[in-house]
Amino acid sequence: MAASVKDLVLIFQLFFPRDLSSARALHANQRREPRQPARTGWFKTVKTLLVRAFSEESNDVAAWTSGLGGDRAEEYAESLCRDLDKLYLLLGLPEGTKFSQSAFDFRRAKPILTTARLNCTFCPPGDSNLVPTLHRRRWDKIQTVWLLDSSFHWVEATLITYTSPPGTHSRWERLEYDPEFLRISKHGIWVHKQIAQTQENALHQFHSGWSNFADWRLFLEHFSRRLLVAHNKDTTFRCEAHPSSRLLAEEVHRTIGINGGVLPSSMSHGCTGCTRVKRYHSDLIGEGAVLGSNTEVANTSGAEAAGDQIQTDLGDLAPLPANLPDSLPQLEAPPVGSLRGYIQMAVMDGKGIKHRQEVGEGSIQAPQGPSLRVQLQALGNTPGGDVIHTFKAKSIYCLQTVQWACGVPIGWGKCYRSESAPQVLRFLNNTWADYPNSRPSFLAYDNACNLLRHIVTQDPSDIWLATTKFIVDAWHYIGHQATDILCRTRCNPAPTDGSQPDLVLTEADDNGQVHQTRAFNTETAEQLNSWLNGFESQLRQMSDVNYDFFIHVLMLIYAETMEKRIQLKEMELTEEFWDRVNGLA
Ligand SMILES: [Zn+2]
Ligand SMILES: [Zn+2]
Ligand SMILES: [Zn+2]
Ligand SMILES: [Zn+2]
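No experiment lies behind these values; they were computed from the predicted model shown. Here, residues in each chain are numbered from 1, in the same order as that chain's written sequence. Each chain takes a letter, starting from A, and each ligand takes a number, starting from 1, following the order in which they are written. Given that this is a predicted model, residues contribute local features only at a pLDDT of at least 70 and side-chain atom pairs are listed and counted only at 80 or more, while totals for whole chains, interfaces and linings are drawn from all residues. No hydrogens and no water enter the side-chain calculation; it runs on all heavy atoms of the structure.

## Thoughts on the environment of V277
The condition that has to hold: What counts as a helix is a DSSP run of H or I of at least four residues, what counts as a strand is a run of E of at least two, and both are numbered from the N terminus.
Within the element layout of this structure, V277 appears in strand 7 (residues 275-277). Sequence spacing of V277 and G583 is 306 residues, and the spatial spacing of their C-alpha atoms is 10.0 Å.

Below, the structure is given as structure tokens:
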């Protein structure tokens, strides 16, 4: 896997904007020394640049741990150059670079780009479609095109196209979902799939966005396919042949979700981080738990959590909504001979990651030219600046996400103007509309009490009240329980009175004393937030369509990464788990 510096330079060109000074300098330097052998030339160039990068520190003796000053710059540059291999590994490049080891430039045969199919893919298999039916039209020329091959070299390639027999299908095109080569320009520019894969890795590892993708069209071609397959739309997706980039982005976005999305695979997800065998009151007692109060939170200590001191003020509180059903019935123990069942915890959050503000609904194009702000005249007593406010109907307030407690994302949506309970409820309804049986048993949300109040008030028979318990986080609970009786009685994340055995586990200390601890760690959900935050400045510049497309991509990549991690940590649900769920063990 000896990766050459030439490959590094190519990576610089692909991942970093052209106007970045280091990339420019690399070109300039190479041009100045034309007779340098290709590899050592680049190597010296990179080293020189790295030494130069350290030049400011060179004069600053204190900056170097050795206290020796700038002569260390050379040494650091050397060792950085030696670390190139690791960079390649991180990008998943060894596959692509292994062919370019040779110092000799063997002339390889021109690659041929053509379909792997022999028959019309639209005709049903049958007598008329048995023998190879694809053919070349007499007037179709063999084209020479440019190809960025798997070892990151531009080469000439031969493009040969085949068509269906004359008739209805000869003008149809099939979107191939796992092609080896992607066309990124009508004018004969093709790219090996390895390039797209490498850039996908960079997106994940370095938060490099599509502006750093070699080409926007490559990003679009690659991820349109990835998204359509992940959303099970690959067999039904249709669009105009030879779509423009804008049309393709719009059609894909329309197909998999406008202003929000759901990852179908997450609806059947389960792992030990989010899914547990159902627990009963009798389990807690059996484990020797010392029961506390309904308002005490497991794992928190001190008077602030006990809630004793606030009992006296309860008279001033607003009563519970009349519609709120009495506490949901709790089974003392699993009924003999029946399923024990399982429960699953989800976490919802809103984050201030916005896109460009646009006027009107579903606008496709980036607004160009003068903004409304300067065109609007003052109306009556309202100055022009304030009038605009009513026009910014679709100013996004936050990105709403819901994920399983283990971190696997489920879906996303948007809130406008504020993270209001009606919008959040609509988001939940949309997310589980096609998956009514996959609703979480518990939903942790930092404003769960207000959401619950809204649900009860608008419809006391709302299905959410039967399927899901809404809980807040411990800090919210400790602060809010004094002033909100609904929060106090319904949203405790881990009550110690035995009323929610699923939310607490027991643990014996050295003295044999049994303590209750929280069963779920919802902090894992925070990792998605910090990962998404790395893309915030890019997302802020985007139109709503591009933002949606990009969030769909980010959610997919994140879900796949989490699933891999779960496999690696062996957190999948085992046979034994299902036996216990089914009451067999
Ligand atoms: Zn056909
Ligand atoms: Zn999970
Ligand atoms: Zn929040
Ligand atoms: Zn509350």
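## Some words on the packing of aromatic side chains
How two aromatic rings sit relative to each other is set out by the distance from centre to centre and by the angle between their planes. Defined as follows: We call Phe, Tyr and Trp rings a pair once their centres come within 6.5 Å, taking the six-membered ring for Trp, and we label the pair stacked below 30 degrees between planes, edge-to-face above 60, and tilted otherwise. Remark: exposure states derive from per-residue accessible area (1.4 Å probe, protein chains only) relative to the maximum for the residue type, with buried under 20%, exposed over 50%, and partly exposed in between. By definition here, charges over rings are those cases where NZ of Lys or CZ of Arg is within 6 Å of the ring centre and within 35 degrees of the ring normal.
Within the structure shown, the criterion is met by twelve aromatic pairs. Centre to centre, the rings of Y342 and W578 are 5.4 Å apart; their planes meet at 85°, and the pair counts as edge-to-face. Here Y342 is found in strand 8 (residues 342-351), whereas its partner W578 is found in helix 23 (residues 575-581), with 236 residues between them in sequence. On the basis of relative accessibility, which here comes to 34%, the residue W578 falls in the partly exposed class. Taking the centre distance of 5.7 Å and the plane angle of 85° together, the rings of W432 and W464 count as edge-to-face. Note that W432 is positioned in helix 15 (residues 421-432) and W464 in helix 17 (residues 463-467), a separation of 32 residues in sequence. Accessibility expressed as a relative area gives 1% for W432, which makes it buried. Each member of the aromatic cluster is reached from another via a ring pair, and the members are F219, F223, W531, F535, F549, F550 and Y558. Note that K278 overlies the ring of Y280, its terminal NZ or CZ placed 5.4 Å from the centroid.

## Digging into the nonpolar core
Test applied: Nonpolar cores were defined as sets of buried Ala, Val, Leu, Ile, Met, Phe, Trp, Tyr and Cys residues, with membership established by side-chain atoms within 4.5 Å. Start and end positions for the domains come from either an automated domain assignment or a database one.
By size, the foremost hydrophobic cluster in this structure holds 91 residues, and its most contacted members are M348, L428, L451, F470 and L539. When we break this core down by domain, the ones giving at least three residues each are domain 2 (112-121 + 128-256) and domain 3 (275-323 + 334-353 + 399-578). Core analysis: the second largest hydrophobic core is formed by eight residues, F152, L182, I184 and L218 among them.

## Concerning the coordination of the zinc ion (ligand 4)
Expected angles at a metal are 109.5 degrees for tetrahedral coordination by four donors and either 90 or 180 degrees for octahedral coordination by six donors. Test applied: Coordination here is defined by N, O and S atoms within 2.8 Å of the metal (3.2 Å for Na, K and Ca), and since water is not considered, a site can look incomplete. Every geometry call rests on angle ranges, with four donors termed tetrahedral when all angles are between 85 and 135 degrees, four termed square planar and six termed octahedral when opposite donors are over 155 degrees apart and all others are between 65 and 115, and everything else termed irregular.
For the zinc ion (ligand 4), the full set of protein donor atoms is C449 (SG), H476 (NE2), H480 (ND1) and C487 (SG), at a range of 1.9 to 2.2 Å. Considering all four donor atoms around the zinc ion (ligand 4), the spread of angles at the metal, 95 to 119°, places the coordination shape in the tetrahedral class. Written as a sequence motif, the donor arrangement for the zinc ion (ligand 4) is C-x26-H-x3-H-x6-C. Residue C449 is found in helix 16 (residues 448-458), and its partner C487 is found in helix 19 (residues 485-490); the two are separated by 38 residues along the sequence. The class for C449 is buried, based on a relative accessible area of 0%. A relative accessible area of 0% means that C487 is categorised as buried.

## A word on the side chain of S164
Defined as follows: What makes two residues a contact is simply this: any of their non-hydrogen atoms within 4.5 Å.
Checked against the element boundaries, S164 lands in the loop between strand 3 (154-159) and strand 4 (181-185). Apart from the residues within four sequence positions on either side, S164 is in contact with C120, L134, H135, H169 and S170.

## Examining the packing of helix 8 (residues 193-206) against helix 22 (residues 544-568)
Note the cut-off: Axis definition: a line fitted to C-alpha atoms, limited for helices to the stretch in contact. Angles are taken between N-to-C directions and run from 0 to 180 degrees. Reported orientations rely on four angle classes, namely roughly parallel under 35 degrees, roughly antiparallel over 145, roughly perpendicular from 65 to 115, and oblique for the rest. Gly falls in the polar group here, along with every residue not listed as nonpolar (Ala, Val, Leu, Ile, Met, Phe, Trp, Tyr, Cys, Pro) or charged (Asp, Glu, Lys, Arg).
The contact between helix 8 and helix 22 brings their axes to 11 Å, and the two run at 85°. As judged from the angle between their axes, helix 8 and helix 22 are roughly perpendicular. Between helix 8 and helix 22, the contacting residues are E200, L203 and H204 on the first element and F550, V553, I557, E560 and T561 on the second. Residues belonging to the contact of helix 8 with helix 22 are distributed by class as follows: four nonpolar, two polar and two charged.

## Brief notes about the pattern of salt bridges
Side chains carrying opposite charge are able to pair once their charged atoms draw close together. The following threshold applies: Every case where a carboxyl oxygen of Asp or Glu lies within 4 Å of a side-chain nitrogen of Lys or Arg is listed as a salt bridge.
By the definition in use, this model includes 15 salt bridges. Of the charged contacts in the structure, one is a salt bridge between R246 and E250, with a shortest N-O distance of 3.3 Å. Highlighted residues: R246 and E250, both in helix 10 (residues 245-256), separated by four residues, approximately one helical turn. Judged by relative accessible area, R246 falls into the partly exposed class, the value being 47%. Overall, the relative accessible area of 13% leaves E250 in the buried class. Put simply, R279 and E287 hold a salt bridge, and the shortest N to O gap is 3.0 Å. Overlapping salt bridges, with partners in common, bring together E200, R226 and E560 in one network.

## Side note on the sheet that holds strand 1 (residues 112-113)
Threshold: A pair of strands is labelled paired if DSSP reports no fewer than 2 bridges between them.
Read from one edge of the open sheet, five strands run 1-3-2-5-4, paired in mixed fashion. The sheet is open, and its two edges are formed by strand 1 and strand 4, each paired on a single side. Sheet analysis places strand 1 next to strand 3, joined by two bridges and oriented parallel. Across the sheet, residue L113 finds its bridge partner in strand 3, namely L159. Where helix 8 meets the sheet, it contacts strand 2 (143-148), strand 4 and strand 5 (189-192), and its direction lies at approximately 65° from that of strand 5. Packed onto the sheet, helix 9 (residues 216-230) meets strand 4 and strand 5 and runs at close to 135° relative to strand 4.

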